[in-house]
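Coordinate inspection notes
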There are 2 protein chains.
Amino acid sequence: MSRASARACANLAFVKYWGKRDAALNLPTNSSISMTLDAAHTTTCVEIDPGLEKDEVWMSGEPAPGAFASRVIAHLERIRSLAGSATPARVHTSNNFPAGTGFASSASGFAALTCAASAALGLRLSRRDLSVLARKGSGSSCRSIHAGFVEWHAGQDDHSSFATQLADARHWNLVDLAVLVTEREKSVRSSDGHRLAANSPFWPSRTRSMASRLAEVRQALLKRDFHRFGREVETEALEMHAIMQTSAHEQRGAWQSGIFYMAADTLRLINAVQRWRQAGMEVYFTLDAGPTVHLLCLEDQSGDVLDAVQSLEGSQDWRTIACRPGPGAKLLSEIDAT
Amino acid sequence: MSRASARACANLAFVKYWGKRDAALNLPTNSSISMTLDAAHTTTCVEIDPGLEKDEVWMSGEPAPGAFASRVIAHLERIRSLAGSATPARVHTSNNFPAGTGFASSASGFAALTCAASAALGLRLSRRDLSVLARKGSGSSCRSIHAGFVEWHAGQDDHSSFATQLADARHWNLVDLAVLVTEREKSVRSSDGHRLAANSPFWPSRTRSMASRLAEVRQALLKRDFHRFGREVETEALEMHAIMQTSAHEQRGAWQSGIFYMAADTLRLINAVQRWRQAGMEVYFTLDAGPTVHLLCLEDQSGDVLDAVQSLEGSQDWRTIACRPGPGAKLLSEIDAT
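Residues numbered from 1 in each chain as written. Chains lettered and ligands numbered in written order. Predicted model: local features only at pLDDT ≥ 70, side-chain atom pairs only at ≥ 80, totals over all residues. Heavy atoms only, no water.

What about the overall build of chain A?
This is how the line gets drawn: Strands are runs of DSSP state E lasting at least two residues, helices are runs of H or I lasting at least four, and both sets are numbered from the N terminus onward. What the globule rule says is 2.2 Å times the number of residues to the power 0.38, and the radius of gyration is computed from C-alpha atoms. Whether a residue is buried, partly exposed or exposed follows from its accessible area with a 1.4 Å probe, protein chains only, as a fraction of its type maximum: under 20%, in between, or over 50%, in that order. The contact definition used throughout considers only heavy atoms, calling two residues in contact when any of these lie within 4.5 Å. The Shrake-Rupley method, run with a 1.4 Å probe, gives the accessible areas here. Residue values count only the displayed protein chains as cover. Lys and Arg are tallied as positive, Asp and Glu as negative. Neither His nor the chain termini are counted. Note on charges: their place is set at NZ of Lys, CZ of Arg, CG of Asp or CD of Glu.
The helix and strand tally for chain A stands at 10 helices and 16 strands. Since a compact globule built from 338 residues should have a radius of gyration of about 20 Å, the 20 Å found for chain A is in line with a globular shape. For chain A, the spread of C-alpha atoms along the three principal axes comes to 65 × 50 × 40 Å. Counting across all 338 residues of chain A, residues that qualify as buried make up 59%. Residue pairs at least 24 apart in sequence account for 73% of intrachain contacts in chain A once pairs closer than 6 positions are excluded. Accessible surface computed for chain A: about 12,800 Å², of which carbon and sulfur atoms make up 49%. Where the 36 positive side-chain charges of chain A centre and where its 36 negative ones centre are 4 Å apart.

Some points on the packing of helix 6 (residues 203–222) of chain A against helix 7 (residues 226–245) of chain A
Residue and element names in this part refer to chain A. For clarity, the threshold we go by: Where helices are involved, their axes are fitted lines through C-alpha atoms of the stretch in contact, as for all axes, and angles between N-to-C directions lie from 0 to 180°. Angles are sorted into four bins: roughly parallel if under 35 degrees, roughly antiparallel if over 145, roughly perpendicular if 65 to 115, and oblique for all others. In this scheme, a crossing is called left-handed if the near helix is turned counterclockwise away from the far one by less than a right angle; it is called right-handed if the turn is clockwise. Residues are sorted three ways: Asp, Glu, Lys and Arg are charged, Ala, Val, Leu, Ile, Met, Phe, Trp, Tyr, Cys and Pro are nonpolar, and all the rest, Gly among them, are polar.
In the contact formed by helix 6 and helix 7, the axes pass within 10 Å of each other and the chain directions differ by 155°. When the interaxial angle is binned, helix 6 and helix 7 end up roughly antiparallel. For the pair helix 6 and helix 7, the sense of crossing is left-handed. Contacts between helix 6 and helix 7 involve W203, R206, S209, M210, R213, E216, V217, Q219, A220 and L221 from the former and R228, F229, E232, V233, T235, E236, E239, M240 and I243 from the latter. Looking at the contact of helix 6 with helix 7, its residues break down into nine nonpolar, three polar and seven charged.

Overview of the side chain of S34 of chain A
Residues and elements named next belong to chain A. The cut-off we apply is this: Throughout this description, a polar contact denotes any pair of N or O atoms lying within 3.5 Å of each other; where both atoms belong to protein, one of them has to be capable of donating a hydrogen while the other can accept it, and for residues adjacent in sequence the pair is counted only when both atoms sit in side chains.
Inspection of the secondary structure puts S34 in strand 4 (residues 32–48). Within the structure, the side chain of S34 is placed 3.3 Å from the side chain of R143, a separation counted as a polar contact. Excluding anything up to four places from it in sequence, S34 contacts N11, L12, A13, F14, R143, G148, F149 and V150.

Digging into helix 7 (residues 226–245) of chain B
Here is the rule we go by: Expected helix span is taken as 1.5 Å per residue step, with the number of steps being one fewer than the number of residues.
Between its terminal C-alpha atoms helix 7 of chain B stretches 28 Å, which fits the 28 Å expected from 20 residues at 1.5 Å a residue. Counted residue by residue, helix 7 of chain B has 17 buried out of 20 residues, so it is predominantly covered.

A closer look at the interface of chain B and chain A
Our working rule: By definition, the buried area sums, over both parts, the 1.4 Å-probe accessible area that each loses when the two are put together. What makes a salt bridge here is a side-chain nitrogen of Lys or Arg within 4 Å of a carboxyl oxygen of Asp or Glu, nothing more.
Contact with chain B, which involves 36 residues of that partner, is made by 36 residues of chain A. Carbon and sulfur atoms make up 57% of the surface buried where chain B meets chain A, a total of about 3,300 Å² over both sides. Viewed at the interface, chain A and chain B are joined by zero salt bridges. At the junction of chain B and chain A, the tally comes to 16 residue pairs in polar contact (both at pLDDT 80 or more).

Quick look at the relation of the copies chain B and chain A
This is how the line gets drawn: Residues below a pLDDT of 70 in either copy are left out; the C-alpha atoms of the rest, at least 70 in both, set the least-squares superposition of the copies.
Each copy of the sequence occupies a distinct position, and chain B is placed on chain A by a rotation of 180° and an axial shift of 0.0 Å, giving an RMSD of 0.0 Å. Both chain copies can therefore be described as sitting about a two-fold axis. Rotation axis and chain B: the residue whose C-alpha lies nearest the axis is A264 of chain B, separated from it by 2.1 Å. Taken as a fraction of all interface residues of chain B, those also at the interface in chain A reach 100%, which identifies the copy contact as same-surface.

A word on the pairing of strand 14 (residues 293–298) of chain B
Residues and elements named next belong to chain B. Keep this limit in mind: Whether two strands pair depends on DSSP finding at least two bridges between them.
Burial within strand 14 is extensive, with five of its six residues counted as buried. Relative to strand 14, strand 10 (residues 174–180) runs antiparallel, the two sharing six bridges. For L177, the partnering residue across the bridge sits in strand 14 and is L295. Here strand 13 (residues 284–287) pairs with strand 14 via four bridges, running antiparallel.

Describing the nonpolar core
For soluble globular proteins, nonpolar side chains are generally found buried alongside one another. Test applied: Residue types Ala, Val, Leu, Ile, Met, Phe, Trp, Tyr and Cys, when buried and joined through side-chain atoms within 4.5 Å, form a set referred to as a nonpolar core.
The biggest cluster of nonpolar side chains holds 50 residues, and the ones touching the most others in it are W276 and L295 of chain A together with W276 and L295 of chain B. Excluding anything up to four places from it in sequence, L295 of chain A contacts V175, D176, L177, V179, V273, W276, V283, Y284, F285, V305 and V309 of chain A.

Focus: the sheet that holds strand 10 (residues 174–180) of chain A
Residue and element names in this part refer to chain A. Strand order in the open sheet made by the four strands is 13-14-10-15, with antiparallel pairing throughout. Lying at the two open borders of the sheet, with one neighbouring strand each, are strand 13 (284–287) and strand 15 (319–323). Strand-to-strand twist of the sheet, defined as the mean angle between neighbouring strand axes without regard to direction, takes the value 25°. Across the sheet, helix 7 lies against strand 10, strand 13 and strand 14 (293–298), angled at about 35° from strand 13, the strand it touches most.

Digging into the sheet that holds strand 14 of chain B
Residues and elements named next belong to chain B. With antiparallel pairing, the four strands of this open sheet are ordered in space as 13-14-10-15. At either margin of the open sheet sits one strand with a lone partner, and together these are strand 13 and strand 15 (319–323). With direction set aside, neighbouring strand axes in the sheet form an average angle of 25°. Along the sheet, helix 7 contacts strand 10, strand 13 and strand 14; its crossing angle with strand 13, the most-contacted strand, is approximately 35°.

Just geometry here; none of it tells us what the structure is for.
Right under this line is the structure:
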């Protein structure tokens, strides 16, 4: 029996991954840029065990829900076929943050799984190979392989679509105050949302503008120009939500005009950010495919922003997690050694 | 001294007026389609009084706020110049619904003012002339001149931009359940919003699609095809809000990424409509530049939709007004005679 454990962090996209060119390979329509988040991580242990009849997937000590277990097993299968193995495995995984609320649990999860499973199977893969492999499990997980600030190159095919590091975690003292306003499950899964994006009448316009968006965010980030960075990143998030809110589709037999990932409190926080800026605070927001509001500020403003959040009515029902640029995916033996 | 009183209803746009080609003349970027709303109206009395030193504007028995009074006086001036008069006037106006909540109080207000002032000044104007004139006071008021279902033709210049009736009030038993979720004043006035629309990256895409949107809504309305009508109208509202939410601008010295007219409860109602449709209820929504949600259904469903609204948590704080296709602007002497 061989065993390996790994830990990987979630990541927050500044330029979004929304829309796939190839759904089977998770090839994205456009390149994206993210920050790996130190405070939100998944820890995964993979045991290759000839004594098992079939794969087992455990989440936080319980048998994992069927849909999630199937994705994990499909990913194990990819890694086993690379290693020329057919031995069943036991997977234990746990997050230190709630799933399904806009925090990308599949990103940290599949990055940790890719590292742990490839090590347990004796594969020695480069970060680039790990990123390609993780991508096939869950697109955005290819970014969580790296520390700090990361770009996922859309690429042309399986081998050319992977993430690289733009700058390490010490590059910039950016803070993401993630405000989890509700832990309700979302009504349309991201995998469906990706597919529906092209239903928006604004989709062609968005795809045409992504190259300049990417260049703008990359440059502002490398220059640590928070003013320019915050504007471009907030604009990007609202464009993605405009696409979502105009992606007409059928759901459980009913026609729907769009997908609404914002919750009522998401909108209240957006309004508050607009007021805070008028009061002179430099804070911006971004949103993923969920109700969580990610407030972006520099380290020296983070106390003020947190106070402002906590002064809002209803804030006692929210959970706020302060995230800073975090480490890349690592085997626990590597972590223990440092 | 001469005097005339008129009453005009608000109207609800199915194809929206958002973006102006000429701000001074209120020439719109695109044609629009609306329903005149029986339950929400303004009553306006104009007295031409040589004994006055200057114009007086009263609203619900109080001196009208300065900005509103200035718009009314500028409009009086237009009508006086047509009539060759320079005599000051006293204007009394009142709404039977709250202003500033997405109900277009300026539409009913300027339609009633145009009718009353032109009659008091002895002008005998056709509905077309009244519509041209009202438009210059407030764009969408040109639609409130007519009863029932109305199209505002964008036109090329002052004389060619006016509304005509598409179908009278008995054409279709459509109900607008207007749910006023908050009476808070909006943060960005519509007149500013019109100007900012072109800041959205999606604006060119929207303007290109408006001709087919207009034809689709007009045809569904004339055929009383509620299924097709509801889908197209809801899609239209969300496209307008996508434009708003991506209209970056400066406000009171601060950069803002977009305009949010939705309130938290607006979003809760949108989510509820999606659930109701999944439960088999045929109901759609539209939104104007404000938080009010206009639920659209046919008469035989309106009781069920009202019950559904009232079953929502927090609904006791909302005001719901059921509106049906209403009459065009009329002098009160005409109303008294019928």
